[in-house]
Amino acid sequence: MAIAGQALALALVAALWGGTGPFLRAAAAGMEEQRGRGRLRQLLAELRFLSLHWQYLVPFLLNQAGSLLFYLTLASTDLSLAVPLCNSLALVVTLVTGKILGEDIGGKRAVAGMLLTMLGVSLCLAGA
């Protein structure tokens, strides 16, 4: 039963990481127009732009919550299970979320990759 709880926590981490990526990309789209004289002023202008847009802050904070949950889950989870499970599922969630938001995800090859990723995750869980 403990492994099921750990797998659920890691799936939530993957959902938080993967689901926020496309939203972060979309919210940061206007950052290229930010201008500052010199590198430091450019950095400050970009930080100001990102910190004042809730469309960026909300996904960023959710992403960081996923990182905190990952850190807490690592205390009781086998590392050889946690890392592949989180990273592969985060990739699948990123592709699905991107597709929902209208991004080009790569067609049939991306779908085949997602299916193979899910097969690999299933094998990892079955072996645990």
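Scroll up to find the structure.
Description of the structure in this document. The residue numbering used here restarts from 1 in each chain and proceeds along that chain's sequence as written. Since the coordinates come from a predicted model, pLDDT governs what is reported: local features require at least 70, and pairs of side-chain atoms require 80 or more to be given and counted, while whole-chain, interface and lining totals use all residues. Excluded from the side-chain calculation are hydrogens and water; included are all heavy atoms of the structure.

**Here we look at the packing of aromatic side chains**
- Ring pairs shown here join Phe, Tyr and Trp side chains whose ring centres sit within 6.5 Å, with only the six-membered ring taken for Trp; geometry is labelled stacked below 30 degrees between planes, edge-to-face above 60, and tilted in between. Scanning the entire structure with this criterion turns up two aromatic pairs.
- Seen in terms of ring centroids, W17 and F70 are 5.0 Å apart; in terms of plane orientation they differ by 50°. Their pairing is tilted. Of this pair, W17 sits in helix α1 (residues 2–27) while F70 sits in helix α3 (residues 54–74); the two residues are 53 residues apart in sequence, bridging distant segments of the chain.
- The exposure class of W17 is partly exposed, given its relative accessible area of 21%.
- For F70, a relative accessible area of 15% puts it in the buried group.
- Between Y56 and F60 the ring centres are 6.0 Å apart and the planes differ by 15°, which places this aromatic pair in the stacked class. One end of the pair, Y56, and the other, F60, are both in helix α3, four residues apart, so they sit about a helical turn from each other.
- Burial status follows relative accessibility: with a 1.4 Å probe on protein chains alone, a residue under 20% of its type maximum counts as buried, one over 50% as exposed, and anything between as partly exposed. Among the residues examined, Y56 registers a relative accessible area of 17% and is labelled buried.
- When its relative accessible area of 32% is taken as the criterion, F60 is described as partly exposed. Every helix listed is a DSSP run of H or I at least four residues long, and every strand listed is a run of E at least two residues long, numbered separately from the N terminus.

**Some details on a nonpolar patch on the surface**
- Taken together, the side chains of L40, L43, L44 and L47 make up a nonpolar region of the molecular surface, amounting to roughly 390 Å² of accessible area.
- Look at L43 and you get partly exposed, because its relative accessible area is 43%. Patch rule: a residue counts if its relative accessible area is over 30% and it has no salt bridge; like charges are joined within 9 Å, and nonpolar side chains (Val, Leu, Ile, Met, Phe, Trp, Tyr) within 5 Å. What sets the accessible areas is the Shrake-Rupley method with a 1.4 Å probe; for residues, cover comes only from the shown protein chains. Here a salt bridge means any side-chain nitrogen of Lys or Arg lying within 4 Å of a carboxyl oxygen belonging to Asp or Glu.

**Regarding the environment of M31**
- In this fold, M31 is placed in the loop between α1 and α2 (38–51).
- You can call M31 partly exposed: its relative accessible area is 22%.
- Should any heavy atoms of two residues lie within 4.5 Å, those residues are considered in contact. Other than its neighbours up to four places away in sequence, M31 contacts E46, F49 and L50.

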